[in-house]
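# Examining the three-dimensional arrangement
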Amino acid sequence: MTAPIEQTVSNAASYTPTSPVVINCDIDKIYYGDFLAVRKSVVPIEKNKITGFIGLSGCGKSTVLRSLNRMNDLISVFRLEGQVTYHGQNIYARNVDPVVVRRYIGMVFQQPNPFSMSIYDNVAFGLRLNRFKGNMDERVQKALEGAALWKEVKDKLKNSGLSLSGGQQQRLCIARAIATEPDVLLMDEPCSALDPIATRQVEELMLELKAHYTLALVTHNMQQAMRVADNTCFFGVDISQGGRTGYLVEMGKTKQVFEDPQAQLTKEYVAGEFS
Ligand SMILES: Nc1ncnc2c1ncn2[C@@H]1O[C@H](COP(=O)(O)OP(=O)(O)OP(=O)(O)O)[C@@H](O)[C@H]1O
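This one's a predicted model, so the numbers in the text were calculated from it and none came from an experiment. (Residues numbered from 1 in each chain as written. Predicted model: local features only at pLDDT ≥ 70, side-chain atom pairs only at ≥ 80, totals over all residues. Heavy atoms only, no water.)

## Description of the packing of helix 3 (residues 119–129) against helix 6 (residues 166–179)
This is how it is decided: Every axis corresponds to a line fitted to the C-alpha atoms, with the helix fit spanning only the stretch in contact, and the corresponding angles, defined between N-to-C directions, vary from 0 to 180 degrees. Per the convention used, a helix needs a DSSP run of H or I reaching at least four residues, while a strand needs a run of E reaching at least two, with both numbered from the N terminus. Each angle is binned into one of four classes, with values under 35 degrees roughly parallel, values over 145 roughly antiparallel, values of 65 to 115 roughly perpendicular, and all other values oblique. In this scheme the handedness of a crossing depends on how the near helix is turned from the far one: anticlockwise by less than a right angle means left-handed, clockwise means right-handed. What makes two residues a contact is simply this: any of their non-hydrogen atoms within 4.5 Å. Residue polarity follows a fixed list, in which Ala, Val, Leu, Ile, Met, Phe, Trp, Tyr, Cys and Pro are nonpolar, Asp, Glu, Lys and Arg are charged, and the others, Gly among them, are polar.
Close contact between helix 3 and helix 6 brings their axes to 7 Å; oriented N to C, the two are set at 30°. Here helix 6 runs roughly parallel to helix 3, going by the angle between their axes. For helix 3 against helix 6, the interelement crossing comes out right-handed. On the side of helix 3, the interface is formed by Ile119, Asn122, Val123 and Leu127, while helix 6 contributes Leu172, Ala175, Arg176 and Ala179. A class-by-class count of the residues in the contact of helix 3 with helix 6 yields six nonpolar, one polar and one charged.

## Let's talk about the pairing of strand 2 (residues 35–46)
Let me state the cut-off plainly: A pair of strands is treated as paired once DSSP finds two or more bridges between them.
Taken together, the ten bridges between strand 1 (residues 21–32) and strand 2 define a ladder with antiparallel strand orientation. Within strand 2, the position partnered with Lys29 by the bridge is Arg39. Here strand 1 folds back onto strand 2, and the loop between the two strands holds two residues, one of which, Gly33, carries a positive phi near 65°.

## Let's talk about the site of the ligand
Under the convention used in this document: Whether a residue is near a molecule or strand depends on its heavy atoms: it is near if one of them lies within 4 Å of it. Under this definition, polar contacts are N or O atom pairs within 3.5 Å; protein pairs additionally need one hydrogen-donor-capable and one acceptor-capable atom, and for neighbouring residues in sequence, both atoms have to be side-chain atoms. Every accessible area reported is derived by Shrake-Rupley at a probe size of 1.4 Å, with residue values counting cover from the shown protein chains alone.
Residues in close proximity to the ligand total 14 residues, the closest being Ser57, Gly58, Lys61, Thr63 and His220. Residue Gly58 places a main-chain N or O atom 2.9 Å away from an oxygen atom belonging to the ligand. At 3.1 Å from an oxygen atom of the ligand is found a main-chain nitrogen or oxygen belonging to Cys59. Starting from 630 Å² of accessible surface for the ligand in isolation, the protein chains cover 65%. If you list the elements that add at least two residues to the shell around the ligand, you get strand 2 and helix 1 (61–67). It is helix 1 that provides the largest number of residues to the shell around the ligand, a total of three residues.

## Thoughts on helix 4 (residues 136–146)
Convention followed: Working definition: with a 1.4 Å probe on protein chains only, accessible area under 20% of the residue-type maximum means buried, over 50% means exposed, and in between means partly exposed. This arc is taken over the directions from the axis of the helix to the C-beta atoms.
For helix 4, every residue scored as buried is listed here: Met136, Arg139, Val140, Ala143 and Leu144. One side of helix 4 holds all its buried residues, which, seen down the axis, span an arc of 130°. Opposite the buried face of helix 4, by more than 90 degrees, sit the exposed residues Asp137 and Glu138. One side-chain oxygen of the residue at the start of helix 4 lies 3.1 Å from the amide nitrogen of Asp137, identifying that residue as Asn135.

## Quick word on the pattern of salt bridges
Counted only if it meets this: The working definition used for a salt bridge is a side-chain nitrogen of Lys or Arg within 4 Å of a carboxyl oxygen of Asp or Glu.
Using the criterion set out here, one finds 15 salt bridges in the structure. Notably, a salt bridge pairs Arg39 with Asp238, separated by 3.1 Å at the nearest N-O pair. On the criterion of sequence distance, the pair formed by Arg39 in strand 2 and Asp238 in strand 9 (residues 231–238) is long-range, its members being 199 residues apart. Across the pair Arg171 and Glu152 runs a salt bridge whose closest N-O atoms are separated by 2.8 Å. Separated by 19 residues along the polypeptide, Arg171 in helix 6 and Glu152 in helix 5 (residues 150–153) bring together distant segments of the chain. Relative accessible area serves as the criterion here: at 35%, Glu152 is assigned to the partly exposed category. One network of salt bridges, with partners in common, ties together Asp26, Asp28 and Lys40.

## Brief notes about the UniProt feature "domain: ABC transporter" (unreviewed entry) in the protein chain
How we decide: UniProt positions are given in the numbering used here, feature names are shortened, and annotations may be inferred rather than shown by experiment.
As annotated in UniProt, the feature "domain: ABC transporter" (unreviewed entry) corresponds to residues 22–270 in the numbering used here. Across residues 22–270, the secondary structure splits into 35% helix and 29% strand, with the terminal C-alpha atoms separated by 27 Å.

## A closer look at the environment of Arg200
Position of Arg200 among the secondary structure elements: in helix 7 (residues 196–209). Given the relative accessible area of 42%, Arg200 is considered partly exposed. With 27 residues separating them along the chain, Arg200 and Arg227 place their C-alpha atoms 9.9 Å apart.

The structure is reproduced here in structure tokens:
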């Protein structure tokens, strides 16, 4: 079946936040070189909530997520027009250091990527980088507890992080990300390399983490978005200009997006017609 999701152009349904907004992502255009990857999309990320990004492959979910902490700056051809504000400050302003942005807005990647060093050193890594002067043992324990991994590794902190299972490695990466006490955690398909049990553990962890952090999550898994996301953003692909440009079709409370979608494209997507 040809996916009409790629053929219809609609304007993003506007969403009115109901909680304080930590990051307001107001993208006009994102380019990779001459390629227009994402067009007008406004995504407010609310405090202590999980905002899920769903949509077809190539609709720009990761591009938008990675623009929230300037991770895309590492790609030379990347160019963003618009504004991403963090607590009201434009993170793309000339005087803003992207390293400092990433100190407050951390990231967990699709593949668990522990460093080839001990479990302890993995967690301490960012703290040492930031010249942390406090009690390192306490902070490492706190981060591992926060990532629901402490009980499993407390007696083998000197073992390599690479000796852990995939699910444990991903929780170690989450411990590493939260050790420096960021404000926001961006997660780009954090469970895609995990089995169902490890996936459940990471999902439960996300639900615990949102008490202390604000989370944004890219997922291919609609059930996962339904299970954990408070708000859901559905992205589509516009091919009307001859390219394949991603855009926000609809954002809303997760229950509303799945049970009472406003846009026809969202209706078809959540009904499983494109998966
Ligand atoms: N570094 C890059 N250089 C050029 N084009 C890129 C780059 N990264 C992504 N793109 C393009 O930008 C568009 C959006 O990609 P992106 O990875 O953000 O989509 P996505 O929705 O996250 O996809 P998926 O679900 O497959 O991961 C795609 O057309 C992709 O080919």
